[in-house]
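These are the residues of each chain, in order.
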Amino acid sequence: MLGARRKRRWHEAQQRVEKAEIMVDKNSFFWKMVDGRLPSPPCAQTLGLAFGAIDPERGTIEVDFEGKPEFVNPVGNIQGGFLAAMLDDTMGPALVATLDAGEFAPTVNLNVQFHRPAKPGPLKGLGRVTMRGKEVCQLAAELLQNGKVVATATATAVIRRM
């Protein structure tokens, strides 16, 4: 019986979170980066990150990256660690776009699957928040090159106050 009550309370709490309207705080560091009031972090600059469509209410984002020749392994493909970083820099901003000033959300778990080799050149990241709790959040992303998925990822992030 206790298990059923716990499940019901969890379900009710999830519904409240899902129905909550996201209030975007344009003074958060993310939005200051997007509108140029702050520079992007060096890691994002290294990856050639450029923001595309951002929808904080839906928890989705599109970003562009530049797969540089410096990122290739001995056979000429972009090394998987760079692709993983691109996926992390896709999912993280999908969540960070929803945070208040003074909050951040470090990734605590990252799972990456590689589907096909990526070559130097443009890549597109599509990220989304799949579950946004009060603290713990689930994220997912795809990384595409020439319209084909090269890698996918899921992650867990935890919202913290700075």
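To start, this report covers the structure provided alongside it. (Residues numbered from 1 in each chain as written. Predicted model: local features only at pLDDT ≥ 70, side-chain atom pairs only at ≥ 80, totals over all residues. Heavy atoms only, no water.)

1. Looking at the pattern of salt bridges
Pairing between side chains of opposite charge can happen when the charged atoms of each approach one another. In this structure the tally under the stated criterion is five salt bridges. Glu 62 serves as the salt-bridge partner of Lys 124, at 3.9 Å between the closest nitrogen and oxygen. Of the two residues, Lys 124 is situated in strand β5 (residues 121-132) and Glu 62 in strand β2 (residues 60-67); the sequence distance between them amounts to 62 residues. Judged by relative accessible area, which is 31%, Lys 124 ranks as partly exposed. Overall, the relative accessible area of 33% leaves Glu 62 in the partly exposed class. Lys 124 serves as the salt-bridge partner of Asp 64, at 2.9 Å between the closest nitrogen and oxygen. Here the residue Asp 64 occupies a position in strand β2, and Lys 124 occupies one in strand β5, the gap between them amounting to 60 residues. Among the ionic contacts, a cluster of salt bridges with common partners joins Glu 62, Asp 64 and Lys 124. (Salt bridge = Lys/Arg side-chain N within 4 Å of Asp/Glu carboxyl O. Helix = DSSP H or I, 4+ residues; strand = E, 2+ residues; numbered from the N terminus. Buried < 20%, exposed > 50% of the residue type's maximum accessible area, 1.4 Å probe, protein only.)

2. Things to note about the environment of Ala 140
Mapped onto the secondary structure, Ala 140 falls in strand β6 (residues 136-145). Residue Ala 140 is classed as buried on the basis of its relative accessible area, which comes to 9%. Between the C-alpha atoms of Ala 140 and Leu 87, which are 53 residues apart in sequence, the distance is 8.6 Å.

Remember, this is a structural readout, not a statement about activity or role.
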